[in-house]
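If you want the building blocks of each chain, they are given just below.
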Amino acid sequence: MSLIKWVELPNLGDHRGSLMVAESAKNVPFEVKRIYYILDAKPDVPRGFHAHKSLIQLAFCLKGSCKMLMDNGVEKQEVYINQPNKGLIIPPLVWHEMHDFSEDCVMLVLASDCYDESDYIRDYDDFVKAL
Ligand code: T46
């Protein structure tokens, strides 16, 4: 099964501009309990380098782009997140790294649960053991 799963939001925009809608259980395949966003990321400073035990996330670049490396311990794939209506699903137990942020990048992440550091696996060897 592909590591890369996108969620495409409908654009309900008109002559006034674009309007994208994300709704739990409709086009977002989990109940959204938290949102966070990343901006002013440095192009040469990668982020991530962890997997989650049970959290599911959906990541959009509302502006700009970044390269996401996804690794399920067997296969690795790199994709660019670069469309405001096209979000990448980050499932549990997928090691992910964000590289090459564009200077204007604004990343929005919808998450299935509240922040819990104990859900993070931040060591790659521990990640492989958890699979
Ligand atoms: C992920 C990728 C895509 C909080 O206290 N609450 C929060 O909701 C978040 C997201 C972070 N934090 C704290 C934890 C760290 O002390 O903020 C600090 C920076 O977080 P972190 O180093 O984990 O950031 P990234 O960019 O490496 O990872 C983030 C998310 O944490 C993570 O869940 O999957 O974006």
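Up top is the structure.
No experiment lies behind these values; they were computed from the predicted model shown.

Chemist: Give a detailed account of the overall build of the protein chain, specifying residues and quantitative values.
Modeler: Secondary structure assignment for the protein chain yields one helix and 10 strands. Across the protein chain, helices and strands are ordered from the amino to the carboxyl terminus as β-β-β-β-β-β-β-β-β-β-α. Its C-alpha atoms give the protein chain a radius of gyration of 15 Å, near enough to 14 Å, the size a compact globule of 131 residues would have. Projected onto the principal axes, the alpha-carbon positions of the protein chain cover approximately 50 × 35 × 30 Å. In the protein chain, which comprises 131 residues, the share counted as buried stands at 40%. Sequence-distant contacts, at least 24 apart, represent 77% of the contacts inside the protein chain between residues at least 6 apart. When the accessible surface of the protein chain is summed, it comes to about 7600 Å², and 52% of that surface belongs to carbon and sulfur atoms.

Chemist: I'd love a proper account of the sheet that holds strand 8 (residues 95–99), names of residues and values included.
Modeler: Taken together, five strands build an open sheet; the order of strands is 6-5-8-3-10 and the sheet is antiparallel. Two strands close off the open sheet at either side, each with one partner strand: strand 6 (76–81) and strand 10 (120–121). With five bridges joining them, strand 5 (residues 66–71) and strand 8 adopt antiparallel strand pairing. Along strand 8, the bridge assignment pairs M68 with M98.

Chemist: Account for the packing of aromatic side chains, naming residues and giving values.
Modeler: A complete count under the given rule lists four aromatic pairs for this structure. An aromatic cluster is built from W95, Y124 and F127, whose rings are joined through pairwise contacts. Across from the ring centre of W6, 4.7 Å away, lies the NZ or CZ of K86, which sits over that ring.

Chemist: How would you summarise the side chain of H50 if you had to cite specific residues and measurements?
Modeler: Tracing the sequence through the fold places H50 in strand 3 (residues 47–52). The class for H50 is buried, based on a relative accessible area of 8%. At a separation of 3.0 Å, a polar atom in the side chain of H50 contacts the main-chain carbonyl oxygen of G48. Those residues in contact with H50 that sit more than four places away from it in its chain are V94, W95, H96, Y120, I121 and R122.

Cut-offs and rules
- Residues numbered from 1 in each chain as written.
- Predicted model: local features only at pLDDT ≥ 70, side-chain atom pairs only at ≥ 80, totals over all residues.
- Heavy atoms only, no water.
- Helix = DSSP H or I, 4+ residues; strand = E, 2+ residues; numbered from the N terminus.
- Rg over C-alpha atoms; globule rule 2.2 N^0.38 Å.
- Buried < 20%, exposed > 50% of the residue type's maximum accessible area, 1.4 Å probe, protein only.
- Contact = heavy atoms within 4.5 Å.
- Areas by Shrake-Rupley, 256 points an atom, 1.4 Å probe, with all protein chains shown as cover.
- Pairing = 2+ DSSP bridges.
- Phe/Tyr/Trp six-rings, centres within 6.5 Å; stacked < 30°, edge-to-face > 60°.
- Lys NZ or Arg CZ within 6 Å of the ring centre and 35° of its normal.
- Polar contact = N/O pair within 3.5 Å; in protein donor to acceptor, adjacent residues only side chain to side chain.

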